[in-house]
Amino acid sequence: MRTHPSLLAALAASLAAAPAAAQVVVAPAPPFAAARDSAQTFAGWPRALSTTSPARGDTAGYWQQRADYRVIARLDERREVLTASGTLTYVNRSPDTLRELFLHQHLNAFRPGSRWADADAREGRVRFQTLAEPAFAFERFTRAPEVGGVAVAPEYPGGTDSSVVRLPLPRPLGPGDSVEVALAWEARPSTIPRRQGRRGRSYDFAQWYPKVAVYDRGGWQPHALVPAGEFYGEFGSWDVTMLLADDQVVGATGVPVEGDPGWARVSRTGAPFLGAAAYGALGTPGAPAPGPRFKLAAGERAVRWLARDVHHFGWSTSPDYRYEGGVYVRPALPNGTAGGRARAWDTVGVHALYRPGDDSTWGGARVTRRTVAALRWLEQVYGPYGYPQMTVLHRIESGGTEFPMMQMNGGPQQSLILHEGGHIFSYGLLANNEWQRGWMDEGLTSYQTSWAGRQARHAVAAEAAGAPADPASVPGGAPLAARRRQADDFTRAMNALARDGRAEPLNRRADRNATFGIYNAMVYSRGEQMYSALRDVLGEAPFAAFLRDYYARWAYRHVDDAAMRASAERAAAPDTPGGRDLGWFFGQWLGAVGTIDYAMRGVRVAPVRVAPGRAGGAAGGCWRTEVTLVRAGAYAHPMPVGIRTAAGWAVVRGDPRQARETLARFTPGPPLEVRLDPLGTTEAVATAGYAWRPAGSDRTPAPAGLRADLPAYESAAACAAASAAAAQ
């Protein structure tokens, strides 16, 4: 999820001190008359940090629960309320016996008395804490939930927050057992949009149903929704039948398998590609079961949606939507790209829903073309897209939010579509706990968005060295010099947060960050900085292999930092059992705060000769350069040291395990300059201690386009042999 003003302006605004404000709490009535307030127990949740992967981040022994929903929902526009009922089939695949279920009613965050409203009041934001009927949101049971046919009284551990529900189980649920939970509820978004909303006859149902909490190796993971931190869900299937006014036009997670979503009537691009048979044609083996029975009121129609292997279902509806459609026909996958667990459809439906006045910004196939470009790029990064469609729709709120198969966006920008589309891979298919480890998806999709736009450090450095741009990257963008300045400004801003004590460890739980602004800076920007540093540690090809391995092993699963680290370690040393240990890297970035900062001490340069007759005789102009490399910052890094000769740069790396080391290398020809991070690939910014030049030498900057892959030899003999071979 992201809002897209300029990066540094947004960072400055988010970190500005907020004025103090009086807290206003209006305690709402309990959402269900029989609810018991057990607020004293809520402080103990979650009992343990969310963990999903077994030891060493391997998939062997991995398990996750399953949650299948079958729902029928009617939108009553006169009351502005959705009335719904259905069943949750919950399968316990854990080795534990469960005696309770936890659900989320996230819409209850957007009203007075919630922990969200309290957090807003503490930081001086006025949104939901003063809303009165009928402006605030709610989600409430209309009858007691039935667990295995037995009615149970829901408990609200958060008291007036009421966004977390506990259901005691009438009978223990053992390993391998399942239970059916019958649910009936009403839901209403708030008139102030934030991750949901309503305006006139337009509704963004980003949150709208009792969402089962995740049970993982750390136990139950219920969490009251607050501004800092987002979601975590169980995978399963969704079968949703919507009863709507005849003129409503709908976009949703899943594919429409029965009824009319309204697209054809308002289409600007001919007959839509519905993809209704994506999961098999109705009536064929393995296809969806028959839909529910219902009675339509006058002026209503029904549309039924099916989604599989998803952990959330979002939808938006408005009679004002216009529709444009297209398809993404998958090309042959790049070499080395394995599909792994992700199911791939040869043809993916692409749908754009936009509003009156959007014709010149969203229309004219602009959004559908940008969505296809995003899919092409993201498949190159990760592997095959694992769903049959992608919808991008114009929501009420600005910014953007991702859902499986769908983006609710406030604008049509390519960067926003790339960012939220990236989330459908990293959070949708690779499902991390966003309120405990938001850096895993927010930082990663921020990084891949910069990478796609040729703004990431490695892309800027490669372009400066004369390498061609990645053919799948998004065309356009700022000139190279401007992108280099932007990268340096970004690093300075992030490092300043670390130096002045405002940065927090990336693995800190979202709601425990000092402010909402700090949370955003950590999970988006500092998370992006971490992936930039990881790319520099691994190198180009291993970094690409890391992302493909991560996706191939973990699609449709919950992920944590151990799973990610294991994929990176395998990619770093594919021929070594278990890979190369990167615990030092992930430990410092996730568990501590610091910067990458090194200095050179005692640079010594001298010509050398080799005894005649050995390795080609005379050294042929070989020079020895000796540099003492000293770590000045808290973060270790294999710092690059560049030696520039007339032919270009020879770059060697320091050992990140050493706080101080002396490097000696031999180059053909005299060094004209010795510089730390000569190509600008690290998350450090050059200081006075970063460069050395011979006394009296020309101080003009090194010319652009110099070769950056020259060898630096570990012995004079090797240098001499290479020089002799080159002279022949």
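Check the entry above for the structure.
Residues numbered from 1 in each chain as written. Predicted model: local features only at pLDDT ≥ 70, side-chain atom pairs only at ≥ 80, totals over all residues. Heavy atoms only, no water.

**As for the packing of aromatic side chains**
Move 1: One pass over the full model with this rule turns up 40 aromatic pairs.
Move 2: Aromatic pair F546 and Y550: ring centres 6.2 Å apart, planes at 20 degrees, arrangement stacked. Taken together, the positions of F546 and Y550, both in helix 10 (residues 540-554) and four residues apart, correspond to about one turn of that helix.
Move 3: For Y550, a relative accessible area of 1% gives the class buried.
Move 4: Taken together, the ring pairs connect Y69, W185, Y203, F205, W208, Y209, W238, F313 and W315 into an aromatic cluster.
Move 5: Cation over ring: R535 sits above W451, and NZ or CZ is 4.1 Å from the ring centre.
Move 6: Over the face of the ring belonging to W554 we find R557, whose NZ or CZ atom lies 5.9 Å from the ring centre. (Phe/Tyr/Trp six-rings, centres within 6.5 Å; stacked < 30°, edge-to-face > 60°. Helix = DSSP H or I, 4+ residues; strand = E, 2+ residues; numbered from the N terminus. Buried < 20%, exposed > 50% of the residue type's maximum accessible area, 1.4 Å probe, protein only. Lys NZ or Arg CZ within 6 Å of the ring centre and 35° of its normal.)

**Quick notes on the state of the cysteines**
Move 1: On inspection of all chains with the given rule, the structure shows one disulfide.
Move 2: Disulfide pairing is shown between C622 and C719; the S-S distance is 2.1 Å. The sign of the S-S torsion, about -100 degrees, decides the handedness of the disulfide formed by C622 and C719: left-handed. Linking C622 in strand 29 (residues 622-631) with C719 in helix 13 (residues 716-727), this pair joins segments that are 97 residues apart in sequence.
Move 3: When its relative accessible area of 0% is taken as the criterion, C719 is described as buried. (Disulfide = S-S within 2.5 Å.)

**A look at helix 6 (residues 442-452)**
Move 1: Counting buried residues in helix 6 gives 11 out of 11 residues, a clear majority hidden from the surface.
Move 2: Along helix 6, the positions that sit buried rather than exposed are E442, G443, L444, T445, S446, Y447, Q448, T449, S450, W451 and A452.
Move 3: As for helix 6, its buried residues are in contact with helix 4 (366-381), helix 5 (414-425), helix 7 (457-464), helix 9 (516-538), helix 10 and helix 11 (561-572).
Move 4: Remark: R454 follows helix 6 within two positions and exhibits a positive phi of approximately 60 degrees. (Contact = heavy atoms within 4.5 Å.)

**Topic: the packing of helix 8 (residues 480-499) against helix 9**
Move 1: Viewed as axis vectors pointing N to C, helix 8 and helix 9 meet at an angle of 120 degrees, and their least axial separation amounts to 10 Å. Overall, the two elements helix 8 and helix 9 adopt an arrangement that is oblique. In the packing of helix 8 onto helix 9, the handedness of the crossing is left-handed. Residue-level inspection shows F490, T491, M494, N495, L497 and A498 of helix 8 in contact with helix 9, the latter providing A521, M522, S525, R526, E528 and Q529.
Move 2: When grouped by side-chain class, the residues that make up the contact of helix 8 with helix 9 number six nonpolar, four polar and two charged. (Axes fitted to C-alpha atoms, helices over the stretch in contact; angles between N-to-C directions. Parallel < 35°, antiparallel > 145°, perpendicular 65-115°, else oblique. Left-handed = near helix turned anticlockwise from the far one by under 90°. Nonpolar A, V, L, I, M, F, W, Y, C, P; charged D, E, K, R; others polar.)

**What about the pattern of salt bridges?**
Move 1: Taken as a whole, this structure holds 44 salt bridges when the rule is applied.
Move 2: Between D549 and R553 there is a salt bridge; the shortest N-O distance is 2.8 Å. Taken together, the positions of D549 and R553, both in helix 10 and four residues apart, correspond to about one turn of that helix.
Move 3: Each member of the salt-bridge network shares a partner with another, and the members are R70, D239, E258 and R304. (Salt bridge = Lys/Arg side-chain N within 4 Å of Asp/Glu carboxyl O.)

**Some thoughts on the side chain of D358**
Move 1: As for its placement among the helices and strands, D358 is situated in the loop between strand 22 (347-354) and helix 4.
Move 2: Excluding its chain neighbours within four sequence positions, the residues that come into contact with D358 are G363 and H394.

**Points about helix 9**
Move 1: Between the first and last C-alpha of helix 9 there are 32 Å, a value that for 23 residues agrees with the 33 Å anticipated at 1.5 Å per step.
Move 2: Roughly 35 degrees is the biggest bend found in helix 9, and it falls at M522.
Move 3: Extensive coverage of helix 9 is indicated by the burial of 23 of its 23 residues.
Move 4: Positive phi appears at G539, one or two residues downstream of helix 9, with a value of about 100 degrees. (Expected span 1.5 Å × (residues − 1). Bend = angle between axes of the 7 residues up to and from the residue.)

**Some remarks on the environment of I643**
Move 1: Mapped onto the fold, I643 is located in strand 30 (residues 640-645).
Move 2: Residues I643 and F666 lie 23 residues apart in sequence; the distance between their C-alpha atoms is 9.5 Å.
Move 3: Those residues in contact with I643 that sit more than four places away from it in its chain are T625, G648, W649, A650, R665, T667, P671 and E673.

**Notes on the sheet that holds strand 24 (residues 400-403)**
Move 1: Pairing within the open sheet is mixed, and its five strands lie in the order 21-22-23-25-24. Looking at which strands have only one partner, the edges of the open sheet turn out to be strand 21 (322-329) and strand 24. The sheet shows a mean angle of 15 degrees between the axes of neighbouring strands, taken without regard to direction.
Move 2: Direction of pairing for strand 23 (residues 389-394) relative to strand 25 (residues 406-409): parallel, over a ladder of four bridges. (Pairing = 2+ DSSP bridges.)

**Description of the nonpolar core**
The nonpolar side chains of a soluble globular protein tend to be buried with one another.
Move 1: Grouped together as the largest cluster of nonpolar side chains are 167 residues, with contacts concentrated most on W208, W238, M242, W315 and F546.
Move 2: It is helix 9 that contributes the most residues to this core, nine residues altogether.
Move 3: Beyond its immediate stretch of four places on either side in the chain, M242 contacts A73, V250, A252, R301, A302, V303, W305, F313 and W315. (Core = buried A, V, L, I, M, F, W, Y, C linked by side-chain atoms within 4.5 Å.)

**Quick notes on a nonpolar patch on the surface**
Move 1: A cluster of nonpolar side chains, F273, V327 and V329, forms an exposed patch at the surface whose accessible area comes to about 240 Å².
Move 2: Mapped onto the fold, F273 is located in the loop between helix 3 (263-266) and strand 19 (300-310).
Move 3: F273 sits in the partly exposed class, given a relative accessible area of 36%. (Patch = residues over 30% accessible without salt bridge, like charges linked within 9 Å, V, L, I, M, F, W, Y side chains within 5 Å. Areas by Shrake-Rupley, 256 points an atom, 1.4 Å probe, with all protein chains shown as cover.)

**Digging into empty space enclosed by the protein**
Move 1: If you walk through the whole model with that rule in mind, you get seven cavities of 30 Å³ or more.
Move 2: As for the largest cavity, its lining consists of 13 residues, of which L506, R508, A510, N513 and V523 are closest to the centre.
Move 3: Looking at the lining of the largest cavity residue by residue, the class counts come to seven nonpolar, three polar and three charged.
Move 4: A volume near 50 Å³ is recorded for the second largest cavity.
Move 5: Here the residues of the lining of the second largest cavity sort into four nonpolar, two polar and one charged. (1 Å grid on protein atoms, 1.4 Å probe; cavity = no way out; pocket = protein on both sides within 12 Å on 5 of 7 lines; lining within 4 Å. Points joined across faces, edges and corners; volume = space filled by probe spheres on them.)

**Some points on the pairing of strand 29**
One face of the sheet, then the other: side chains in a regular strand alternate in exactly this way.
Move 1: Counting buried positions over the 10 residues of strand 29 gives seven, a clear majority of the element.
Move 2: When strand 29 meets strand 32 (residues 660-668), the two strands line up antiparallel, connected through nine bridges. When the sheet's bridge partners are listed, R624 is paired in strand 32 with F666.

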